[in-house]
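Next come the chains, spelled out residue by residue.
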Amino acid sequence: MEGNVYHSKNFTTNETINDLHQDTFSKTILGFWIYLMTDCILFATFFTTYAVLHDGTFGGPGAKELFSLPLVFTETMILLLSSLTCGMALLAAIKSDKRKILILLGCTFVLGFSFLLLELHEFKTLIDEGNSFSRNAFLSSFFTLVGTHGLHVFFGLVWLVVLFFQIIIKGFNTITFRRLVVFNMFWHFLDLIWIFIFTLVYLMGVI
Amino acid sequence: MDHNHELSLKELQQQYHGSLFSYLKGFLLSLLLTVISFVLVITKAIEGRNLIITIVSLALLQAIVQLYYFMHLGDEDNPKWKTYIFYFMIVILLIISFGSLWIMYNLNDRMMSNMPM
């Protein structure tokens with residue numbers, strides 16, 4: 001690669017080297033990765049808070065009574081599958097197969113939406129039975145942690161819909177490809193966080 | 001000043017490391033690790049403390065699987081910025097998380113409260 005490439009200096013050997021990662025794509029990917037890392041820290045603080053407060057049931061029902069493992073298993077499978085379909089959409093993008101991209105993004109949306117519906121149903125049941133955010137410290141920290149994850153899923157779905165129509169209207173090009181890659185990173189990240197939610201909150205809750 | 005060499009779509013597509021096979025591997029491994037976790041808890045095949053250690057280890061393992069197969073961490077060209085930044089995040093996370101847990105545990109201890117938790 002010659003010509004219009006930024007040159008960096010290797011301060012040990014004093015030679016100029018071609019740094020090929022100054023293009024918009026690489027910068028965007030890295031920037032978004034850094035954002036995801038800060039999001040990891042955010043979730044870590046919520047997990048830590050939950051760890052401190054999860055026994056604070058103030059006499060009310062605790063994790064054992066309130067959590068349903070079949071429901072959580074279903075949610076986990078749905079989210080994991082959506083991560084796969086999302087990755088497959090990106091593979092279709094590498095082959096420039098626009099139809100396949102849209103179909104797989106559609107699948108990802110359906111799965112993600114189902115996940116959210118199940119989670120909202122779970123929350124609604126808890127709240128209807130009096131076990132809302134404000135009942136005790138355990139529930140406050142639970143809703144904050146799992147709710148924030150759900151909120152991320154919600155915004156991810158909004159992003160997905162917008163991206164879907166952008167690909168249809170603007171077509172599949174460098175820019176929409178980059179956006180698809182970034183969306184992929186976000187969506188996989190959500191499944192990553194969910195691993196710890198189902199393990200540390202739900203599974204540990206019923207042990 | 002030189003301006004950016006923007007990559008064409010073809011160049012971007014060639015940069016990408018994934019393949020259907022690797023995504024499927026990641027998916028199946030994650031599936032397996034998840035199912036094992038759930039089965040262990042439901043059947044209570046292992047007891048108390050050991051069960052906790054086991055499922056947390058399975059979770060960490062699955063996280064590594066997903067980080068590698070889905071998020072392609074470690075697959076990037078040198079310099080591996082994504083990996084370095086990831087390690088840095090882990091350091092900060094451990095300080096915040098364990099630090100807070102340590103402090104709160106100590107506080108709880110010192111309170112000697114008789115209130116039911």
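Residues numbered from 1 in each chain as written. Chains lettered and ligands numbered in written order. Predicted model: local features only at pLDDT ≥ 70, side-chain atom pairs only at ≥ 80, totals over all residues. Heavy atoms only, no water.

1. Considering the overall build of chain B
Counting its regular elements, chain B contains 4 helices and 0 strands. Along chain B, helices and strands appear, N-terminal first, in the series α-α-α-α. Within chain B, the fraction of its 117 residues that count as buried is 33%. Long-range contacts, defined here as pairs at least 24 residues apart, represent 49% of the contacts in chain B between residues at least 6 apart. Accessible area of chain B: about 7900 Å², with a carbon and sulfur share of 70%. (Helix = DSSP H or I, 4+ residues; strand = E, 2+ residues; numbered from the N terminus. Buried < 20%, exposed > 50% of the residue type's maximum accessible area, 1.4 Å probe, protein only. Contact = heavy atoms within 4.5 Å. Areas by Shrake-Rupley, 256 points an atom, 1.4 Å probe, with all protein chains shown as cover.)

2. Examining the interface of chain B and chain A
Accessible area lost upon the coming together of the parts serves often as the stated size of an interface. The partner chain A presents 62 residues to the 56 residues of chain B that form the contact. At the surface where chain B touches chain A, the tally comes to 0 salt bridges. At the level of elements, helix H1 (9–15), helix H2 (20–43), helix H3 (48–69) and helix H4 (81–111) of chain B are the ones that each hand at least two residues to the side of chain B that touches chain A. Across the side of chain B that touches chain A, the residue classes tally to 35 nonpolar, 16 polar and 5 charged. (Salt bridge = Lys/Arg side-chain N within 4 Å of Asp/Glu carboxyl O. Nonpolar A, V, L, I, M, F, W, Y, C, P; charged D, E, K, R; others polar.)

3. Re helix H4 (residues 98–128) of chain A
The terminal C-alpha atoms of H4 of chain A lie 44 Å apart, and with 31 residues this matches the ideal 45 Å at 1.5 Å per residue to within 8%. Within two residues after H4 of chain A, Gly130 of chain A carries a phi angle of roughly 95°, on the positive side. (Expected span 1.5 Å × (residues − 1).)

4. Things to note about the nonpolar core
Ranked by internal contacts, the top residues of the largest apolar core, which has 94 residues, are Phe67, Phe142 and Phe177 of chain A. Element by element, the count of residues in this core is highest for helix H6 (residues 174–206) of chain A, at 20 residues. (Core = buried A, V, L, I, M, F, W, Y, C linked by side-chain atoms within 4.5 Å.)

5. Quick look at the packing of helix H3 (residues 69–94) of chain A against H2 of chain B
Packing of H3 of chain A against H2 of chain B brings their axes to within 10 Å, and their N-to-C directions diverge by 175°. It follows from the interaxial angle that H3 of chain A and H2 of chain B lie roughly antiparallel. Contacts between H3 of chain A and H2 of chain B pair Leu69, Val72, Phe73, Thr76, Met77, Leu80, Leu81, Leu84, Gly87, Met88, Leu90 and Leu91 of chain A from the former with Leu20, Tyr23, Leu24, Phe27, Ser30, Leu31, Thr34, Val35, Phe38, Val41 and Ile42 of chain B from the latter. (Axes fitted to C-alpha atoms, helices over the stretch in contact; angles between N-to-C directions. Parallel < 35°, antiparallel > 145°, perpendicular 65-115°, else oblique.)

6. Side note on the state of the cysteines
Note: disulfide means a covalent bond formed between the sulfur atoms of two cysteine side chains. Residue and element names in this part refer to chain A. In total, this model carries 0 disulfides over all chains according to the counting rule given. No disulfide involves Cys107; its sulfur sits 11 Å from the nearest other cysteine sulfur, which is in Cys86. By relative accessible area, which is 32% here, Cys107 ends up partly exposed. (Disulfide = S-S within 2.5 Å.)

7. A look at the layout of surface pockets
Of the voids in this model, the largest pocket is the one considered here, and its volume is about 1300 Å³. Around the largest pocket, the lining comprises 38 residues; the ones closest to its centre are Phe47, Phe196 and Leu200 of chain A together with Val56 and Ser97 of chain B. Here the lining of the largest pocket gets 9 residues from one element, more than from any other, and that element is H3 of chain B. Of the residues in the lining of the largest pocket, the class split is 30 nonpolar, 6 polar and 2 charged. (1 Å grid on protein atoms, 1.4 Å probe; cavity = no way out; pocket = protein on both sides within 12 Å on 5 of 7 lines; lining within 4 Å. Points joined across faces, edges and corners; volume = space filled by probe spheres on them.)

8. Quick notes on a nonpolar patch on the surface
A cluster of nonpolar residues, Leu151, Phe154, Phe155, Val158 and Val162 of chain A, forms a patch on the protein surface that exposes about 450 Å² of accessible area. Its place among the elements puts Leu151 of chain A in helix H5 (residues 137–170). (Patch = residues over 30% accessible without salt bridge, like charges linked within 9 Å, V, L, I, M, F, W, Y side chains within 5 Å.)

9. Focus on the side chain of Thr83 of chain B
Residues and elements named next belong to chain B. Mapped onto the elements, Thr83 comes out in helix H4. Under the relative-accessibility criterion, Thr83 is labelled buried at 10%. With sequence-adjacent residues up to four places away left out, Thr83 is seen in contact with Leu73, Gly74 and Glu76.

10. Things to note about unusual backbone geometry
Residue and element names in this part refer to chain B. A positive phi is found at Lys44, a non-glycine position, where the angle reads about 55°. Its location among the elements puts Lys44 in the loop between H2 and H3. Positive phi outside glycine occurs at His72, with the angle close to 55°. Along the chain, His72 turns up in the loop between H3 and H4.

11. Let's talk about H6 of chain A
Counting along an α-helix, one turn takes 3.6 residues, and residues three or four places apart therefore face a common direction. Residues and elements named next belong to chain A. End to end, H6 covers 47 Å across 33 residues, agreeing with the expected 48 Å (1.5 Å per residue, within 8%). Where H6 bends most, the angle comes to about 25°, and this point is Phe198. Most of H6 sits inside the fold, with 27 of its 33 residues counted as buried. Sitting at the head of H6, Asn173 places a side-chain oxygen 3.0 Å from the backbone nitrogen of Ile175. (Bend = angle between axes of the 7 residues up to and from the residue. Polar contact = N/O pair within 3.5 Å; in protein donor to acceptor, adjacent residues only side chain to side chain.)

12. Observations regarding the confidence of the model for chain B
With 90% of its residues at a pLDDT of at least 70, chain B reaches an overall mean of 87. Among the prediction metrics, the complex's ipTM stands at 0.89, with pTM recorded as 0.90. (pLDDT = per-residue confidence, 0-100.)

13. Considerations on the packing of H4 of chain A against H6 of chain A
Residues and elements named next belong to chain A. Where H4 meets H6, the axes come as close as 13 Å, and the angle between the chain directions of the two elements is 30°. By the angle class used here, H4 and H6 are roughly parallel. In terms of crossing hand, the pair formed by H4 and H6 is left-handed. Contacts between H4 and H6 pair Ile101, Leu105, Thr108, Gly112, Phe115, Glu119 and Glu122 from the former with Leu180, Trp187, Trp194 and Tyr202 from the latter. Partitioned by chemical class, the residues of the contact of H4 with H6 number 7 nonpolar, 2 polar and 2 charged. (Left-handed = near helix turned anticlockwise from the far one by under 90°.)

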